[in-house]
Amino acid sequence: MLYRFEVPGDDFSRAGHASTEIKRIMQQLGLPLRVIKRTTISMYEAEINMVVHAGGGVAEVEIGNSQITVVLRDSGPGIPDLELAMTEGWSTAPEWIREMGFGAGMGLSNMKRNTDEMSIDTVVGKGTTVTLRINVELGAS
Amino acid sequence: METSSIRHSVVLDSDACRGCTNCIKRCPVEAIRVRKSKASIIAERCIDCGECIRMCPHKAKKADSDQLSSIKAFDYAIALPAPAFFAQFDALIPTSDIVQALLSLGFHSIVEVAEAAELVATATAAVLSSADRPRPLISASCPAVVRLIQVRYPSLLENMAKVISPMETAARIAKERAREAGLHGRIGAFFISPCPAKVTAARAPLSLEKSEVDGVVSFKDIHIPMLEALSHGRTGIARTCSDTQFRAGAEGIAWARSEGESEKHQAYASIAVDGIDRVIFLLEEIENGALSNVDFVEALACPGGCVGGPLVVTNPSLARTRVRGREEERKRLFSGVPIVRSPIRTDLDWTVELSSRPALLLHADFRTASSMLEELERIAEKLPGLDCGSCGAPSCRALAEDIVRGTATPHDCIFILRERLRGLTRELMDLEDFEPPSLDHGST
């Protein structure tokens, strides 16, 4: 099943809406709690990133019985040094974002920790596509 | 349509219900449907928050609590007044008079839930100081929040402070004191409650095998007897614990209002949230992993905390101010008096692990659930999206869900029905024009 969400870049209060929707759907499907938790945390983080850094974009989620795939596409500035961006504590978030409790530089590593596979395709000036895969073991909790 | 009262204590007064759609829209867990002009509560979903009791314009929602007369079934009845109870009465009435009035209603003694709350706070502080605690740790003292987490945020069950409630702790203390005093016969502990969720927590506890609470009497039901008792036995003279039976300090009394519990954990990053909508908003954020820098969360389903319970009598805003007054009263009473505190308890842990109660689950089999969800999306597309509630479900999406679950039909939607009627009318018109070949005078 494929779900598609527009993630608006100009309304911070709506950031996280897509992950909340997906969480509800996963609960309706009875996916294991651990899968729901990992998907929610990683997708939420990616969604916030898209709002903060890239002015929003599109999130597509495919829920299968063996894997959840979340693809987040934006047309933002791209990530110049991906390796550096993956470093814990490294952040480009402006002060006002940090004051809101975000931008601590844990985002990407947090996403990696909560996924089984994560890939980032980024072109400076063009945009970034983040793909998150979470394996589903039905029957596990 | 009312099902097992063991799961929830909010019940419908069928005669009073007009079948309007106010409650279905307000229920935070979409647990109410209107069927045949009467509201019906889906037992598996209800969390006993009492929002529907609070807002029903026809007062058709009630709590299935015990009557005061039920204490007569016991040789000794012990009252366990909630901290918010004292705020139901005018600030000029000293707590000792309230306690005396309570005793005059037939209770043998009282144990304040506020006293037990202080012990719960100590037990929670111990959890907070442990290295392997979850972050954030979520208080389990509001039973409606515990139920909410169970049905909607099951992944947060592991974040719960697995400490039993002040009510339950008070009941244990009450039974122990009764035994120590050498009382024989049937001893009953009765919680005096601002909330229906506590009724369920006493009858069908979630986190322990059996509750020591024998009955739950609501603030509403005890208020008039209390006022009568106070009109006879009012001294106006505040007395301390030496000649009455209250021992709680201001800290325990503060549990009547929001922030009362979290104030105790100031050494940690603690936050307090009250009102079911805000609680839901916060739990969403916690599940998103957005609050990992918070240590402790006090979450109370009612606005303002327990003073805002659905079964209170006094205006919650007024009661909240009175709680502050009661806290000051305790401070005055206990200043210079050696405080008789009950010993720290180590038996306050949950004895039953809470399991999730996935109320949203469509079907236990993933493939079936998937196809039901696809069907649900298809149906939701066709519905008008007005969330008018005329179908008896709180939203178009909820109706779509009911349809795939087999408890509703598309024609329950008046707009779909109208479309269908239009179609039928058109068909009728067409048929009306139709002449059998033997009579057909039209052109060939």
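Residues numbered from 1 in each chain as written. Chains lettered and ligands numbered in written order. Predicted model: local features only at pLDDT ≥ 70, side-chain atom pairs only at ≥ 80, totals over all residues.

Undergrad: For the overall build of chain A, give the residues involved together with the corresponding values.
TA: When helices and strands are counted, chain A shows 5 helices and 5 strands. Ordered by position in the sequence, the α and β elements of chain A form the string β-α-α-β-β-α-α-α-β-β. Since a compact globule built from 141 residues should have a radius of gyration of about 14 Å, the 14 Å found for chain A is in line with a globular shape. Along the three orthogonal principal directions, the C-alpha set of chain A runs to about 45 × 30 × 30 Å. Looking at chain A residue by residue over its 141 residues, the buried ones come to 40%. Long-range contacts, defined here as pairs at least 24 residues apart, represent 63% of the contacts in chain A between residues at least 6 apart. (Helix = DSSP H or I, 4+ residues; strand = E, 2+ residues; numbered from the N terminus. Rg over C-alpha atoms; globule rule 2.2 N^0.38 Å. Buried ≥ 20, exposed ≤ 12 C-beta atoms within 10 Å, placed from the backbone. Contact = placed C-beta atoms within 7 Å.)

Undergrad: Describe the sheet that holds strand E8 (residues 187–193) of chain B, and please don't skip the residues or the numbers.
TA: Residues and elements named next belong to chain B. Judged by pairing direction, the sheet is parallel, and its 4 strands sit side by side in the order E6-E5-E8-E9 without closing on themselves. The open sheet has two edge strands, strand E6 (109–110) and strand E9 (215–218), and neither has a second partner. With 6 bridges joining them, strand E5 (residues 76–81) and E8 adopt parallel strand pairing. By the bridge assignment, tyrosine 76 is partnered in E8 with isoleucine 187. Packing against the sheet, helix H6 (residues 166–180) makes contact with E5 and E8, and its axis sits at approximately 145° to E5. (Pairing = 2+ DSSP bridges. Axes fitted to C-alpha atoms, helices over the stretch in contact; angles between N-to-C directions.)

Undergrad: Quick one: what's the story with unusual backbone geometry, residue by residue and with numbers?
TA: Residues and elements named next belong to chain B. For the bond running from arginine 135 to proline 136, omega is -5°, close enough to zero to count as cis. By the element assignment, proline 136 lies in the loop between helix H4 (113–129) and strand E7 (137–138). In this structure, lysine 36 takes a positive phi of about 50° despite not being glycine. Position of lysine 36 among the secondary structure elements: in the loop between strand E2 (32–35) and strand E3 (38–41). Classification of lysine 36 by C-beta neighbours within 10 Å gives exposed; the count is 8. Residues other than glycine seldom take positive phi values, yet glutamate 259 does so here, at roughly 75°.

Undergrad: Break down the sheet that holds strand E5 (residues 127–135) of chain A for me, with residues and values.
TA: All names here are of chain A. Ordered by their spatial adjacency, 5 strands build an open sheet running E1-E2-E3-E5-E4, and the pairing between neighbours is antiparallel. The open sheet has two edge strands, strand E1 (2–8) and strand E4 (117–123), and neither has a second partner. Put simply, the sheet's adjacent strands are angled 10° from each other on average, direction ignored. Sheet topology places strand E2 (residues 56–63) next to strand E3 (residues 67–74); 6 bridges connect them, and they run antiparallel. Looking at the pairing, isoleucine 63 lines up with isoleucine 68 of E3.

Undergrad: If you had to explain the confidence of the model for chain B to someone new, which residues and values would you point to?
TA: Interpretation of the predicted coordinates at a detailed level should be avoided for regions scoring low in pLDDT. All names here are of chain B. Summary statistics for chain B give a mean pLDDT of 91 and a share of 95% for residues scoring 70 or more. Ranking the elements of chain B by mean pLDDT puts strand E1 (residues 10–12) last, at 91, and strand E11 (residues 296–300) first, at 98. The low-confidence segment residues 1–5, where pLDDT is below 50, has 10 contacts with residues more than four positions distant or belonging to other chains. (pLDDT = per-residue confidence, 0-100.)

Undergrad: Could you give an account of the packing of helix H12 (residues 366–382) of chain B against helix H13 (residues 396–405) of chain B, with specific residues and numbers?
TA: Residues and elements named next belong to chain B. One way to put it is that H12 packs onto H13 with a least axis distance of 9 Å and a crossing angle of 135°. In terms of their interaxial angle, H12 and H13 are classed as oblique. Viewed along their axes, H12 and H13 form a crossing whose handedness is right-handed. Residues Met372, Glu375, Leu376, Ile379 and Ala380 of H12 pack against Cys396, Arg397, Ala400, Glu401, Ile403 and Val404 of H13. (Parallel < 35°, antiparallel > 145°, perpendicular 65-115°, else oblique. Left-handed = near helix turned anticlockwise from the far one by under 90°.)

Undergrad: Quick one: what's the story with the domain arrangement of chain B, residue by residue and with numbers?
TA: Residue and element names in this part refer to chain B. For chain B, the assigned domains are domain 1 (10–62), domain 2 (68–334) and domain 3 (366–433). Computed over C-alpha atoms only, the centres of domain 1 and domain 3 are separated by 23 Å. Counting from both sides, the interface comprises 8 residues of domain 1 and, opposite them, 5 residues of domain 3. Broken down by secondary-structure element, the contributors of at least two residues to the side of domain 1 that touches domain 3 are helix H1 (22–26) and E2. If you tally residues by element for the side of domain 1 that touches domain 3, the top one is E2, at 3 residues. (Domains from an automatic or database assignment.)

Undergrad: Tell me about the interface of chain B and chain A, residues and numbers included.
TA: Facing 20 residues of chain B, the contacting portion of chain A comprises 21 residues. Elements with a minimum of two residues in the side of chain B that touches chain A: helix H10 (276–287) and H12 of chain B. Broken down by element, the side of chain B that touches chain A gets its largest block of residues, 6 residues, from H12(B). Looking at the side of chain B that touches chain A residue by residue, the classes come out as 10 nonpolar, 6 polar and 4 charged. (Nonpolar A, V, L, I, M, F, W, Y, C, P; charged D, E, K, R; others polar.)

Undergrad: Would you mind going over the nonpolar core in detail, with residue names and values included?
TA: Soluble globular proteins tend to bury their nonpolar side chains together. If you look at the biggest cluster of nonpolar residues, it comprises 157 residues, and the most contacted ones within it are B:Ile78, B:Leu80, B:Val145, B:Phe190 and B:Ile192. In terms of residue count, helix H2 (residues 33–54) of chain A provides more of this core than any other element does, 11 residues in total. Once residues within four sequence positions are removed from consideration, B:Phe190 is found in contact with B:Ile71, B:Ala77, B:Ile78, B:Ala79, B:Leu80, B:Asp214, B:Gly215 and B:Val217. (Core = buried A, V, L, I, M, F, W, Y, C linked by C-beta atoms within 7 Å.)

Undergrad: Could you give an account of the packing of helix H1 (residues 17–29) of chain A against H12(B), naming the residues involved and the relevant values?
TA: Remark: H1(A) packs on H12(B), axes separated minimally by 8 Å, with the N-to-C direction vectors making an angle of 130°. Regarding the angle of H1(A) to H12(B), the classification is oblique. Residue-level inspection shows A:Ile25, A:Gln28 and A:Leu29 of H1(A) in contact with H12(B), the latter providing B:Phe366, B:Ala369, B:Ser370 and B:Leu373.

Undergrad: Which residues make up the pairing of E5(B), and what values do they have?
TA: All names here are of chain B. When you tally the buried positions in E5, you get 5 out of 6 residues, the bulk of the element. Inspection of the sheet shows E5 paired to E6 by 2 bridges, in the parallel sense. Paired with alanine 79 across the bridge in E6 is isoleucine 110. For the crossover from E5 across helix H3 (residues 95–104) to E6, the handedness is right-handed. (Right-handed = clockwise from strand over helix to strand, strands pointing away.)

Undergrad: Could you give an account of the pairing of E5(A), with specific residues and numbers?
TA: Residue and element names in this part refer to chain A. Only one face of E5 is covered, namely the one carrying Thr128, Val130, Leu132 and Ile134; the face carrying Gly127, Thr129, Thr131, Arg133 and Asn135 has none of its residues buried. Examined bridge by bridge, E3 and E5 share 8 bridges and lie antiparallel to one another. Its bridge partner lying in E5, leucine 72 is registered against valine 130. In textbook terms, the turn of a hairpin is the stretch between consecutive antiparallel strands, and for E4 and E5 this stretch comprises 3 residues, one of which, glycine 125, has a positive phi near 85°.

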